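Structural overview for review
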Amino acid sequence: MRAGSNLLKRGDRWFFRCRIPSGLSVFINRQEIVYTLRTNRKEVASFLASAIRLRTKGYWQDIEIMAANNIAKHTITEQIQKRFQEDLEHAFKQYVAMLTAPNYNSSLQRDAEENNLANFSQDNHERNMSVFMQHALKMLREAGYDDATENSQRARVLSAYLAERAGLLAEARLHWIDGEEEYRPQLRDLPEELFPPPQHKKTLIKEDVSKPQTKPSHTHVPIRDILTAFMTERDFLEKSQKERIRVVDTFCDITKKDDATTVTAEDAILWKKTRLGTKTFKGENVKPQTIKRDLSVLKSLWDWGKANRLLSFTENPFRGIAPRQKKGTVDPVRPYTGKEAKWILENSRCNRKPFLRWAPWVLAYTGLRLKELMYLRKEHICIIKDINVINLIATKDRPLKTPQSSRIIPLHKDLIKEGFLTYVDSLQNGSLLFPEITPDTNNDLSGNASKLLGYWIRKKLHIDDPTLSPAHSWRHLFIDMVAMAGATPDIADALSGHEVGTGSARSGYGEGARRKPWETVKIIEKMKSLINGEWE
């Protein structure tokens, strides 16, 4: 089997794909397993797939054991996926360790995978070992052990190591064949007879005196490789990953550097000055706050690289160079006034699009973030202890901004009276609250929703104040209304999804009233009515 035959690309993501033996597929109702490798770099995916491929025999054994014990099919599937994630994490650690090897050469790693895994087949273990034994014998004979046989200890040990850690061990042997006597692979329990000290090493190839051996003055550490390892460990959302890739690509293009070890503070300043002088697609200058945000991406990447022993520096080259703005040059987002809020809510009644009909009302009376609203489903609007509420919980397809964002918000009487619950009842079970809104290029529902709401409020209703955010200004207004209704800081935090007791000794402890609607409903009932003009 070719080294890359277990790789599958979907969009810009790489996946591990492996056929399940025919006798076992009936136990999990599938012919193959397909799991994400959490990377968009082929060379990283190839390494991870090679490492995981060596462990698939254990998957099939687990399936047999669980099937013999009458474990449910969905449970078997979950256990196999859990084991895959553990193996993926282990393979990632191997990859990071490999990058930190003093004489690491990526081309040798690729050659090792191609040369030593060319005929690998996880469906036939005996055949696999036979293939690795052939490679082991060949390598031993090249090293001068002409009497090596399949029954010799050296051959058995080396073939076992090839099977377990094909990429790393084969790379080590290639280093030795190239004459790098001081090289040692990053492996535990290394057999002394296979890698003896340099003075006992047998001649592997004839020394070519016409081509003097030169060693690199430093270890080349590609910036994009650090980014890939960083994103794989942190498991960022797709939108956040694309943003970080954009920042790194821009830095590499401007500075013409790809080696992180050669980046200096002068390079960082050059990148900053160049970015400040560029134009956006709208023809506007790139804002200082955008540069500051991008700098934080690069700074955190370098800090992570140093913490993981990929980089070594005294001072982060991106520290302390963020452009500073004069106070008052950026107007903060303000809440809607009572008049603006009433105008928007009244006009929404005439809109035939469900999103524009109900989004302003829900945002106004719940203080939800737009992304929280867009991933609500019918079942999240429910009744708890005779109180109509929105039960906001994190799900697989709806990540929340922070753990404190999980909360239960009682519905305001104006929202109920307007007929919102009737609209919810008209939806199919399991449906999103606004199924007509499609995801944007980042697979985010809030992207297109923000554009639609912004266009309607700014262009159709002519509320074009730049200090207003069409969606987020509702949240500012809701927090003001909650405060004016007499909410304590803890209740206000519970309704808005902020951390309980922020800035006090209680910060980070307990959940407060976030999931106690019988407590927070007292404040919701005291809130003034926007549609009746009670708020100014």
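Residues numbered from 1 in each chain as written. Predicted model: local features only at pLDDT ≥ 70, side-chain atom pairs only at ≥ 80, totals over all residues. Heavy atoms only, no water.

What follows concerns the overall build of the chain. When you go through the chain residue by residue, the secondary structure sums to 20 helices and six strands. The proportion of buried residues among the 536 residues of the chain is 47%. A separation threshold of at least 6 residues defines the contact pool for the chain, and within that pool the share at least 24 residues apart is 64%. For the chain, the exposed surface amounts to about 28300 Å²; the carbon and sulfur share of it is 50%. (Helix = DSSP H or I, 4+ residues; strand = E, 2+ residues; numbered from the N terminus. Buried < 20%, exposed > 50% of the residue type's maximum accessible area, 1.4 Å probe, protein only. Contact = heavy atoms within 4.5 Å. Areas by Shrake-Rupley, 256 points an atom, 1.4 Å probe, with all protein chains shown as cover.)

Moving on to unusual backbone geometry. Backbone geometry places lysine 256, a non-glycine residue, at a positive phi of 60°. Given a relative accessible area of 71%, lysine 256 falls into the exposed group. A positive phi angle is found at arginine 309, which is not glycine, with a value near 60°.

Here the focus is the sheet that holds strand β3 (residues 32-36). With antiparallel pairing, the three strands of this open sheet are ordered in space as β1-β2-β3. Whereas interior strands pair on both sides, the edge strands pair on one side only; in this sheet they are β1 (7-10) and β3. Between one strand and the next, the sheet's axes are offset by a mean angle of 30°, whatever the strand orientation. The sheet contact formed by β1 and strand β2 (residues 13-19) spans four bridges and is antiparallel. Bridge assignment links leucine 7 to a residue of β2, and that residue is phenylalanine 16. (Pairing = 2+ DSSP bridges. Axes fitted to C-alpha atoms, helices over the stretch in contact; angles between N-to-C directions.)

In terms of residue burial, strand β5 (residues 387-392) counts as a mostly covered element, since five of its six residues are buried. The loop that links strand β4 (residues 381-384) with its antiparallel partner β5 comprises two residues; one of these, lysine 385, has a positive phi angle of about 55°. Note that β5 and strand β6 (residues 407-410) share four bridges and pair antiparallel. Bridged to leucine 392 within β6 is arginine 407.

This brings us to the sheet that holds β5. Pairing within the open sheet is antiparallel, and its three strands lie in the order β4-β5-β6. Looking along the sheet, the strands with just one partner apiece sit at the ends: β4 and β6. On average, adjacent strands in this sheet sit at an angle of 45° to one another, irrespective of strand direction.

This paragraph deals with the packing of helix α12 (residues 338-348) against helix α13 (residues 354-366). Contact geometry for α12 and α13: axes closest at 8 Å, N-to-C directions at 145°. Considering how the two elements wind past one another, α12 and α13 form a crossing that is left-handed. Along its contact with α12, which presents Ile344, Leu345 and Ser348, the element α13 presents Leu356, Arg357, Pro360, Trp361 and Tyr365. Among the residues making up the contact of α12 with α13, the classes are represented as six nonpolar, one polar and one charged. (Left-handed = near helix turned anticlockwise from the far one by under 90°. Nonpolar A, V, L, I, M, F, W, Y, C, P; charged D, E, K, R; others polar.)

Once that is clear, we can look at helix α11 (residues 288-307). The end-to-end C-alpha distance of α11, which contains 20 residues, comes to 28 Å, matching closely the 28 Å that a straight helix rising 1.5 Å per residue would cover. Looking only at α11, the buried set comprises Thr290, Ile291, Asp294, Leu295, Val297, Leu298, Leu301, Trp302, Trp304 and Gly305. The positive-phi residue at the C-terminal boundary of α11 is arginine 309, with phi of around 60°. (Expected span 1.5 Å × (residues − 1).)

Per-residue confidence for the chain averages 78 on the pLDDT scale, and 75% of its residues sit at or above 70. Confidence drops under a pLDDT of 50 for residues 108-128, and excluding neighbours within four residues, the segment shows 56 contacts in the predicted structure. Every residue in residues 198-209 is under pLDDT 50, and counting partners more than four places away or in other chains gives 17 contacts. (pLDDT = per-residue confidence, 0-100.)

With that out of the way, let us pick up the packing of aromatic side chains. Per the counting criterion, the structure on display carries 14 aromatic pairs. Both rings, one in tyrosine 59 and one in tryptophan 60, keep their centres 6.3 Å apart while their planes meet at 90°; by these two values the pair is edge-to-face. One exposure class covers both tyrosine 59 and tryptophan 60, and it is buried. With a centroid separation of 5.4 Å and 90° between ring planes, the pair formed by phenylalanine 355 and phenylalanine 434 is classed as edge-to-face. Here phenylalanine 355 is found in helix α13, whereas its partner phenylalanine 434 is found in the loop between α16 (420-425) and α17 (445-460), with 79 residues between them in sequence. According to the relative accessible area criterion, phenylalanine 355 is buried, its value standing at 0%. Its relative accessible area of 2% is what places phenylalanine 434 among the buried residues. Grouped by ring-pair contacts, the aromatic residues Phe355, Trp358, Phe420, Tyr423 and Phe434 constitute a single cluster. Between the NZ or CZ atom of lysine 306 and the centre of the ring of phenylalanine 313, over which it lies, the distance is 4.9 Å. Above the ring of tryptophan 358, the side-chain terminus of arginine 357 is found at 4.0 Å from the ring centroid. (Phe/Tyr/Trp six-rings, centres within 6.5 Å; stacked < 30°, edge-to-face > 60°. Lys NZ or Arg CZ within 6 Å of the ring centre and 35° of its normal.)

Time to look at the environment of isoleucine 393. Within the fold, isoleucine 393 resides in the loop between β5 and β6. A residue is classified by how much of its surface remains accessible, and isoleucine 393, at 29% relative accessible area, is partly exposed. Through-space distance from the C-alpha of isoleucine 393 to that of serine 406 is 4.9 Å; in sequence the pair is 13 residues apart.

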